[in-house]
Amino acid sequence: MKHALALLFLALCLLLLNGCATTHTQQAITATPTADIKSGYQAALESMQAGQWSEAREQLTQITSQQPSLSGPWVNLGITQTMLGDHTDAESAFKKAIDTNNSNIEAYNQLGMLYRRHNRLDEAQFIYEEGLRRDPDYTSIHWNLGILYDRYLPNPRQALQHYQRYQQLTTSDDPRLLAWIAELEARNPGDNVTARVKP
């Protein structure tokens, strides 16, 4: 489900190959994607959506070789490498996306999820928080930090704050989320949905 949401998000950012823009100041864009790159990127996204991970990796590797200063293709390359089990290469791709454009917040989110899956919990916490420093309202990171604090790091108060912030930003009525919030509120009396997370 998380990968499907990430793919949808990244597909919407097709024309922003340098990385999904935020309201914050971005690094200077160092390259303009050519028509061939845009076409190749669309094909790679379609391969990803079809679950053709090896084909997508080949397409994205070609794009990152031709225009390495575009951040979006690095994120997608990292996702394809994750799906193919190439976790070391995926980590490198997500880091390259951040180095290329440190306002590409999805790169922080994907790298944090990779760290969490490999029980690198302190690194996951650090990279999620780095992402939130750049975009305090990035919903996917609030969701993932909530899970990290709830299930992996024993900090129910922080988990509650991130779940609440996610719910506040998205107005989600996901039954799981509402149940998690209710459970954590019962353990943390006095906390409520207006709580703000300070990055």
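All of these numbers come straight from a predicted model, not from anything done at the bench.

Visitor: Looking at this structure, I do not really get the nonpolar core. What am I missing?
Guide: A general tendency of soluble globular proteins is for nonpolar side chains to be buried together. With 47 residues, the main nonpolar core has I141 and Y163 as its most contacted residues. For this core, the element with the highest residue contribution is helix α6 (residues 105-117), accounting for 7 residues. If sequence neighbours within four positions are ignored, Y163 has contacts with W143, G146, I147, D150, L177, W180, I181 and L184.

Visitor: Before we go on, may I ask you to explain the packing of aromatic side chains in this structure?
Guide: Aromatic ring pairs are described here by two measures, namely the spacing of the ring centres and the angle between the planes. Counted under the stated rule, the structure contains 3 aromatic pairs. Judged by centre distance (5.5 Å) and plane angle (50°), the ring pair of W143 and W180 falls under tilted. Residue W143 is found in helix α8 (residues 139-152), and its partner W180 is found in helix α10 (residues 175-187); the two are separated by 37 residues along the sequence. For the pair W143 and W180, one class covers both residues: buried. Ring pairing ties together the aromatic residues W143, Y163, Y166 and W180, which thus form one cluster.

Visitor: Is there a simple way to explain helix α7 (residues 121-134) in this structure?
Guide: Residues spaced three or four apart along an α-helix point in a common direction, a consequence of the helix completing one turn every 3.6 residues. End to end, α7 covers 20 Å across 14 residues, agreeing with the expected 20 Å (1.5 Å per residue, within 8%). All of the buried residues in α7 are L121, A124, I127, Y128, E130, G131 and L132. Contacts from the buried residues of α7 go to α5 (87-100), α6, α8 and α9 (156-170).

What counts as what
Residues numbered from 1 in each chain as written. Predicted model: local features only at pLDDT ≥ 70, side-chain atom pairs only at ≥ 80, totals over all residues. Heavy atoms only, no water. Core = buried A, V, L, I, M, F, W, Y, C linked by side-chain atoms within 4.5 Å. Buried < 20%, exposed > 50% of the residue type's maximum accessible area, 1.4 Å probe, protein only. Helix = DSSP H or I, 4+ residues; strand = E, 2+ residues; numbered from the N terminus. Contact = heavy atoms within 4.5 Å. Phe/Tyr/Trp six-rings, centres within 6.5 Å; stacked < 30°, edge-to-face > 60°. Expected span 1.5 Å × (residues − 1).

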